[in-house]
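Fold and contact review
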Amino acid sequence: MIELSLARIAAATGGRVVGDPERTVDAVATDSRTLPAGATLFVALRGEHADGHRFVDAAAHGGAAAALVERPVDGIDAVVVDDTWRAIRDLGVAVRRQVAPTAVAITGSVGKTTVKDLTAAAVGAGRRVAAARGSFNNELGVPLTLLTLREHDEVLVAEIGARHVGDIADLAPLVAPDVSVVTAVAGVHLEIFGSIEAIERAKGELVEALGPDGLAILNAADPRVRAMAARAPAALTVGAPGADLTAEDVTLDASAYPRFTARTPWGSAEVRLATPGRHQVGNALLALAVAGHLGVDLTAAAAALGGATISPWRGEVTRRGGLTVLNDAYNANPTSVIAALDTLTALAAGTRTVAVLGEMAEIGPTSSVEHARVGAEVAGRGIDRLVVVGVHAAPLADGAVDAGMAPESVVTVPDARAAAEHLLSDLAAGDVVLVKASRVAGLEQVADRLLADDAVEVDQP
């Protein structure tokens, strides 16, 4: 974050300084347990389960330089505001205005964090980029992303999510995007949105947030996303025949990493990704479209994609003790699970495949049908073993067996711990294991247990 005095923070947030107005901060935190290095401003937010004001003293003892609060506190300089939630938004906007980067905003039902990571890498090959690590895409994550900006950053890459129609319309003005990227419209959070049409409206809000000189970059392989071009001042399309950017000669190597030739308005380039799955090709094209539009050399951008750091639990491939674990446990919906199954089969290349799948949350009244459909996809791809985790995921097992998978190849367990214990007693060297579910299932614990130093060694052939 840029260095700010408490006086400047007070001016940006409509607050008042209690203490030294010339005290400066250069970092922000909302959790007193994880204060970053530097002179940190601790923001006391009121949440559903905790009030950050209870932890101001802990933040002060932990080294925080100042606090943003709704009431005066002892022992630390502070800026007092009426509403810290509103204040952190205002502060993020003030920093964005001062740095004045070109702003890129990304949304979509699937892939937005990976596209954010790939875009930051591609654009970073030629421009100074700010982008938050992980899925900082909600009412707190977006302001925190703005606050990552440094004095000389030229491009901001932000991710914006939605759980209701209107969420993106509310958050997009904070970013003020010059470029809006939409990855996909899929049946995610249907339990909340109610219909795929509502999801389409929500994602389209990011296109509508563009100014008259803005550009939408759209995944043309998704008809609902492609149609958003009509709502944009200008658009680039990727990933479908006839699109502005396409991929040719797509292959997967032994680690299921894609290789392809990108055809773009700025020429052609060879791309080698270091994150697995054929579905990553479209994500990479979206990133290249942003980089090309911003004037980054195409060859340099393509090379940077091969070294991109992807946020955790999104297609992480780790080999240990004869096992290969594909940890894609950050979240799940039917579209992303099917893509992960394809990656699993590509990664295995003839060795035994094991899919560990848990609940796909918030997909609405068709949840049982969708889980069963994905179970049928497991059977249809010839996956050797299916471990279903949790009662809400049980239709996965039914769908797999109904589609022809041998019942003895399907196991249902109550939770992540039971799944790990079962796997440690059943796996053999050479097995390739996919771990995938919505966050509520906590299946990253399964991957962690399989890869732990004290895990029982798998049976050798």
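The shown structure was predicted, so the numbers you read here are calculated from the model rather than taken from an experiment.

Right, let's get into the sheet that holds strand β10 (residues 155–159). Picture the strands of a sheet paired through backbone hydrogen bonds; they go either parallel or antiparallel. Overall, parallel pairing links the six strands, which are arranged β9-β10-β8-β11-β12-β13 in an open sheet. With one partner strand each, in any of the chains shown, β9 (129–131) and β13 (235–238) form the two edges of the open sheet. Neighbouring strand axes in the sheet, compared pairwise and without regard to direction, differ in orientation by 15° on average. Packed on one face of the sheet, helix α10 (residues 280–293) meets β8 (102–107), β11 (179–182), β12 (215–219) and β13 and runs near 160° to β12.

This brings us to unusual backbone geometry. One non-glycine residue, Trp313, adopts positive backbone phi at about 65°. For Trp313, the location among the structural elements is in the loop between α11 (298–305) and β17 (316–320). In this model, Glu362 sits at a positive phi of 60°, which is unusual for a non-glycine residue. By relative accessible area, which is 22% here, Glu362 ends up partly exposed.

A separate point is the confidence of the model for the protein chain. With 98% of its residues at a pLDDT of 70 or more, the protein chain shows a mean pLDDT of 94. Here residues 456–461 is a poorly scored stretch, pLDDT under 50, and it has 14 contacts once near neighbours within four places are set aside; other chains count.

This part takes up the pairing of strand β14 (residues 246–252). Where β14 meets strand β15 (residues 258–264), five bridges bridge the pair, whose relative direction is antiparallel. By the bridge assignment for β15, Glu248 is matched with Thr261. Between β14 and β15, which follow one another and run antiparallel, lie five residues, and Ala256 among them has a positive phi close to 65°.

It is worth spelling out the environment of Trp313 at this point. Taking the relative accessible area as the measure of exposure, Trp313 reaches 23% and is therefore partly exposed. Remark: the alpha-carbon pair of Trp313 and Ala329, spanning 16 residues in sequence, is separated by 5.4 Å. Setting aside residues no more than four positions away along its own chain, Trp313 makes contact with Asn327, Asp328, Ala329, Tyr330, Arg439 and Glu444.

Turning our attention to the sheet that holds strand β19 (residues 353–358). Spatially, β17-β18-β22-β19-β20-β21 is the arrangement adopted by the six strands of the open sheet, whose pairing is mixed. The sheet is open, and its two edges are formed by β17 and β21 (410–413), each paired on a single side. Each strand of the sheet is rotated relative to its neighbour by a mean of 15°, with strand direction disregarded. In this structure, strand β20 (residues 385–389) lies alongside β21, joined through four bridges in parallel fashion. Looking across to β21, one finds that Leu386 is bridged to Val410. Helix α12 (residues 334–348) contacts β17, β18 (323–327), β19 and β22 (432–436) of the sheet and is inclined by roughly 170° relative to β22. Those strands touched by helix α14 (residues 395–402) are β19, β20 and β21, and its axis lies near 155° from that of β20.

Quick notes on the rules
- Residues numbered from 1 in each chain as written.
- Predicted model: local features only at pLDDT ≥ 70, side-chain atom pairs only at ≥ 80, totals over all residues.
- Heavy atoms only, no water.
- Pairing = 2+ DSSP bridges.
- Helix = DSSP H or I, 4+ residues; strand = E, 2+ residues; numbered from the N terminus.
- Axes fitted to C-alpha atoms, helices over the stretch in contact; angles between N-to-C directions.
- Contact = heavy atoms within 4.5 Å.
- Buried < 20%, exposed > 50% of the residue type's maximum accessible area, 1.4 Å probe, protein only.
- pLDDT = per-residue confidence, 0-100.

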